[in-house]
Amino acid sequence: MKALTTIQSRFVPINIENIDTDQIIPARFLKATTKEGFGKNLFRDWRYVNDNEAMPRPEFALNQSQYSGEILVAGKNFGCGSSREHAAWSILDYGFRVVVSSFFADIFKNNALNNGVLPVQVSDAFLEKIFAQGPSTELLVNLEKQTITILATNESESFEINSYKKTCLLNGYDDIDYLLSIKPAIEKFETERG
């Protein structure tokens, strides 16, 4: 995985609550077993008319040129529904490294963290402040300090993250990489027990 320390970026707003994993990546696109290529089908049914790439829905944020960046901002209860690791794969493959919401479904949150996507949970009030910003506004997410800042207003809020997952994201580790990083300590422990 690619390490994540800070992200300063514009954001793509999808101000819809209860976005489930089937809306993030529809079930008909779950045929592949590798992580690549899922980004093109992110929010497929919301992005295109009748599943036709030649007919994008102009009202959807991913189809509007004024919105771009590595941060997706979504309404409350993001990632609910079925357990689907492909949802995290599609978000990362599209180019998002951070998803901001006021609530995440637990399974989605864990899948995101395991795949290098940082779910930043903020208060409802702070989420509304983000949605009130214009398309050129940038957000600064600092994983080390566990803060998110709206740069246009300098308003900031802290967020929580599991310390183990924080270490993994900061270093670009998956679970195996983490174990390899502490191999000398494991070997020392085994020798001393010996």
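Predicted, not measured: the structure shown is a model, and the values here were computed from it.

Draft legend 1. Region of the structure containing the environment of Glu138. The topology assignment puts Glu138 in strand E7 (residues 138-142). For the pair Glu138 and Gln8, spaced 130 residues apart in the sequence, the C-alpha separation amounts to 6.5 Å. In this structure, Glu138 is in contact with Gln8, Ser9, Arg10, Thr149, Ile150 and Leu151, ignoring residues within four places of it in sequence.

Draft legend 2. Highlighting the pattern of salt bridges. Per the counting criterion, the structure on display carries eight salt bridges. Across the salt bridge formed by Glu155 and Lys129, the nearest N and O atoms sit 2.9 Å from each other. Here the residue Glu155 occupies a position in strand E9 (residues 155-158), and Lys129 occupies one in helix H5 (residues 124-131), the gap between them amounting to 26 residues. For Lys129, a relative accessible area of 37% gives the class partly exposed.

Draft legend 3. Spatial organisation of the environment of Thr149. On the secondary structure map, Thr149 appears in strand E8 (residues 147-150). A polar side-chain atom of Thr149 sits 3.1 Å from a polar atom in the side chain of Ser156.

Draft legend 4. Molecular detail of the sheet that holds strand E6 (residues 118-121). Spatially, the seven strands line up as an open sheet ordered E6-E5-E4-E1-E7-E8-E9, and their pairing is mixed. Pairing within the sheet leaves two strands with one partner each, and these edge strands are E6 and E9. Along the sheet, successive strands turn relative to each other by an average axial angle of 30°, direction set aside. With three bridges connecting them, strand E4 (residues 71-74) and strand E5 (residues 98-101) associate as parallel partners. Opposite Leu72, over in E5, you have Val99 as the bridge partner.

Draft legend 5. Layout of the packing of aromatic side chains. Per the counting criterion, the structure on display carries ten aromatic pairs. When the centroid spacing of 5.3 Å and the interplanar angle of 25° are considered together, the rings of Tyr94 and Phe96 count as stacked. Relative accessible area serves as the criterion here: at 32%, Tyr94 is assigned to the partly exposed category. Chaining the aromatic ring pairs together yields one cluster made of Phe43, Trp46 and Phe60.

Draft legend 6. Here's a closer look at the environment of Asn18. As for its placement among the helices and strands, Asn18 is situated in the loop between strand E1 (6-14) and helix H1 (21-24). With near-sequence residues (within four places) excluded, Asn18 lies in contact with Gln23, Lys76, Asn77 and Cys80. Among the polar contacts made by the side chain of Asn18, one reaches the side chain of Asn77 at a distance of 2.8 Å.

Draft legend 7. Quick peek at the side chain of Arg84. Within the element layout of this structure, Arg84 appears in the loop between E4 and helix H3 (85-94). Polar side-chain contacts of Arg84 include one of 2.8 Å to the backbone oxygen of Ile25. Arg84 has contacts with Thr21, Asp22, Ile25, Pro26, Ala27, Leu30 and Asn111, leaving out every residue within four places of it along the chain.

Draft legend 8. Looking closely at unusual backbone geometry. One non-glycine residue, Asn18, lies in positive phi territory at about 60°. Since its relative accessible area comes to 42%, Asn18 is described here as partly exposed. Non-glycine residue Gln146 carries a positive phi angle of around 60°. Relative to the assigned elements, Gln146 resides in the loop between E7 and E8. On the basis of relative accessibility, which here comes to 17%, the residue Gln146 falls in the buried class.

Draft legend 9. Region of the structure containing H3. Turning to H3, its buried residues number three or more, namely His86, Ala87, Ala88, Trp89, Ser90 and Ile91. Against H1, E5 and helix H4 (106-114) lie the buried residues of H3. Just past H3, the residue Gly95 takes up positive phi, approximately 125°.

Draft legend 10. Local environment of a nonpolar patch on the surface. On the surface, a nonpolar cluster with roughly 380 Å² of combined accessible area is contributed by Ile176, Leu179, Leu180 and Ile186. Note on placement: Ile186 falls in helix H8 (residues 183-193).

The rules behind the values
Residues numbered from 1 in each chain as written. Predicted model: local features only at pLDDT ≥ 70, side-chain atom pairs only at ≥ 80, totals over all residues. Heavy atoms only, no water. Helix = DSSP H or I, 4+ residues; strand = E, 2+ residues; numbered from the N terminus. Contact = heavy atoms within 4.5 Å. Salt bridge = Lys/Arg side-chain N within 4 Å of Asp/Glu carboxyl O. Buried < 20%, exposed > 50% of the residue type's maximum accessible area, 1.4 Å probe, protein only. Polar contact = N/O pair within 3.5 Å; in protein donor to acceptor, adjacent residues only side chain to side chain. Pairing = 2+ DSSP bridges. Axes fitted to C-alpha atoms, helices over the stretch in contact; angles between N-to-C directions. Phe/Tyr/Trp six-rings, centres within 6.5 Å; stacked < 30°, edge-to-face > 60°. Patch = residues over 30% accessible without salt bridge, like charges linked within 9 Å, V, L, I, M, F, W, Y side chains within 5 Å. Areas by Shrake-Rupley, 256 points an atom, 1.4 Å probe, with all protein chains shown as cover.

Just distances and angles here, no functional claims.
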